[in-house]
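Analysis of the macromolecular model
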Amino acid sequence: MRNGIAILLLAPLLLLCIPLYAPFLFDDFPSGADNPAIRSLSAADGAWLTPEARPIVKLLHSAEFGLWGLQPAGYRAVNALLHLGCVLLLWRLALALAP
């Protein structure tokens, strides 16, 4: 049982932290690096009010931009931690639903 959770925790860390210092790629540009909407948390910014706004994602990207600027390593570290949290939640759910 402990080996299973160890593997589940190590897999996302290894997969997401290997490219920790790689440059921004593909969809990183429109969603982050080239996105002026994440440069501030201003509620007056019209981008927050559009139907496709995804406010939680923009809030996270704005907070990350405030912390890391345009350094990809910070974004990737946060991404790895979010994936780790999801793995732990799924593990707990599986344990709760197991007979």
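Treat the numbers as computed from the prediction; the structure is a model and nothing was measured.

**Some thoughts on a nonpolar patch on the surface**
Taken together, the side chains of Leu90, Leu93 and Leu97 present a nonpolar region at the surface, about 340 Å² in accessible area. Structurally, the position occupied by Leu93 is in helix α4 (residues 72–97).

**Concerning the packing of helix α3 (residues 55–68) against α4**
Each pair of packed helices can be described by the angle between their axes along with the distance between the axes. Between α3 and α4, the shortest axis-to-axis distance is 9 Å and the interhelical angle comes to 135°. Here α3 is positioned oblique relative to α4, judged by the angle of their axes. When the axes of α3 and α4 are compared, the crossing they make is right-handed. On α4, the residues touching Leu60, His61, Glu64, Phe65 and Trp68 of α3 are Gly74, Tyr75, Val78 and Leu82. Looking at the contact of α3 with α4 residue by residue, the class counts come to 6 nonpolar, 2 polar and 1 charged.

How each quantity is defined
Throughout, residues of each chain are indexed from 1 in the direction in which the sequence is written. Totals for whole chains, interfaces and linings use every residue, but because this is a predicted model, local features are given only for residues with pLDDT of at least 70 and side-chain atom pairs only at 80 or more, for both listing and counting. Side-chain measures here rest on the full set of heavy atoms in the structure, leaving out hydrogens and waters. Put simply, a patch holds well-exposed residues, over 30% relative accessible area, that have no salt bridge, with like charges counted together within 9 Å and Val, Leu, Ile, Met, Phe, Trp or Tyr side chains within 5 Å. The accessible surface values rely on the Shrake-Rupley method and a 1.4 Å probe; as for residues, cover is taken only from the protein chains in view. Salt-bridge detection follows one rule: a side-chain nitrogen of Lys or Arg within 4 Å of a carboxyl oxygen of Asp or Glu. Helix and strand assignments follow DSSP, with helices taken as H or I runs no shorter than four residues and strands as E runs no shorter than two, numbered in order from the N terminus. To get an axis, a line is fitted to the C-alpha atoms, and for a helix only the part in contact is used. The angle between two axes follows their N-to-C directions and goes from 0 to 180 degrees. The scheme is simple: roughly parallel for angles under 35 degrees, roughly antiparallel for over 145, roughly perpendicular for 65 to 115, oblique for anything else. By convention the crossing between two helices is left-handed if the near helix lies anticlockwise of the far one by an angle smaller than a right angle, and right-handed if it lies clockwise. The contact criterion used throughout is that any non-hydrogen atoms of two residues lie within 4.5 Å. Residue type decides the class: Asp, Glu, Lys and Arg count as charged, Ala, Val, Leu, Ile, Met, Phe, Trp, Tyr, Cys and Pro as nonpolar, and the leftover types, Gly among them, as polar.

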